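Given next are the chains, with one letter for each unit.
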Amino acid sequence: MRQTQMEAIRKQLLQDRESLLMEIRQKKAEAAALVDSGVPDPGDMSMNISLTDFLHLLSDNHRERIMLIDEALRRLDEGSYGTCERCGEPIPMKRLEVQPFTPFCVECKEDAEREEIQRAGRPEQGKL
Ligand SMILES: [Zn+2]
């Protein structure tokens, strides 16, 4: 991979990371404002609980994505970026342009998803 390509990818990864962090901060502020503006019945905690759950779900999703981005940045530094973590084959540039944080080639991603489905017993798509 050329140096200019790697720099472009690093820039995009850092931008994605920043916008994910901003989204988390924004959602947290929104949720805090909702809680502050008053729950209809102070004795009824269900509103608070569902907001907390929602925040957890959102943050988990974003955090997972940020972890993938951090991993990709580490691989860029180490020089192993662009190589599939599973089979060791180069990941096509076209795929990296669409999903620069992916550690797997298409075949291995599909394998990993199949295993995930078998483990979890439910379909889960589009993470990597
Ligand atoms: Zn692979």
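What counts and what doesn't
- Residues numbered from 1 in each chain as written.
- Predicted model: local features only at pLDDT ≥ 70, side-chain atom pairs only at ≥ 80, totals over all residues.
- Heavy atoms only, no water.
- Helix = DSSP H or I, 4+ residues; strand = E, 2+ residues; numbered from the N terminus.
- Buried < 20%, exposed > 50% of the residue type's maximum accessible area, 1.4 Å probe, protein only.
- Areas by Shrake-Rupley, 256 points an atom, 1.4 Å probe, with all protein chains shown as cover.
- Donors = N, O, S within 2.8 Å, 3.2 Å for Na, K, Ca; no water.
- Tetrahedral: all angles 85-135°; square planar, octahedral: opposite > 155°, others 65-115°.
- pLDDT = per-residue confidence, 0-100.
- Expected span 1.5 Å × (residues − 1).
- Arc of directions from axis to C-beta.
- Contact = heavy atoms within 4.5 Å.

## Points about the overall build of the protein chain
Consideration 1: In terms of regular secondary structure, the protein chain is built from four helices and zero strands.
Consideration 2: Beginning at the N terminus, the succession of helices and strands in the protein chain can be written as α-α-α-α.
Consideration 3: Counting every position in the protein chain, which comprises 128 residues, the buried fraction comes to 30%.
Consideration 4: For the protein chain, the exposed surface amounts to about 8,600 Å²; the carbon and sulfur share of it is 54%.

## Some points on the coordination of the zinc ion
Consideration 1: Taken together, C84 (SG), C87 (SG), C105 (SG) and C108 (SG) make up the protein donors of the zinc ion, found 2.3 Å from the metal.
Consideration 2: Each of the four donor atoms around the zinc ion contributes to a set of angles spanning 104 to 115°, which defines the coordination as tetrahedral.
Consideration 3: Positions of the donor residues of the zinc ion along the chain correspond to the pattern C-x2-C-x17-C-x2-C. A residue pair is termed long-range when its members are at least 10 positions apart, and C84 in the loop between α2 (46–78) and α3 (93–98) and C108 in helix α4 (residues 106–120) qualify at 24 residues. Take C84 and C108: they sit in the same class, and that class is buried.

## Some words on the confidence of the model for the protein chain
Low pLDDT marks regions whose predicted coordinates should not be analysed in detail.
Consideration 1: Scored by pLDDT, the protein chain has a mean of 85; 85% of the residues are at 70 or more.
Consideration 2: The spread of mean pLDDT over the elements of the protein chain runs between α2, the lowest at 84, and α3, the highest at 92.

## Section: α4
Consideration 1: Taking 1.5 Å per residue as the helical rise, α4 with its 15 residues ought to reach 21 Å, and the 21 Å between its terminal C-alpha atoms agrees with that figure.
Consideration 2: Within α4 the residues assigned to the buried category are C108, K109, A112 and E113. Taken end-on, α4 shows its buried residues confined to a sector of 140°, consistent with a single buried face. More than 90 degrees from the buried face of α4, the exposed residues found are E107 and Q118.
Consideration 3: Structurally, α4 contributes buried residues whose contacts are with α3.
Consideration 4: Backbone geometry just downstream of α4 places G121 in the positive-phi region, at approximately 75°.

## Quick notes on the environment of H56
Consideration 1: Within the element layout of this structure, H56 appears in helix α2.
Consideration 2: Considered as a pair, H56 and K28 are 28 residues apart in the sequence and their alpha carbons are 10.0 Å apart.

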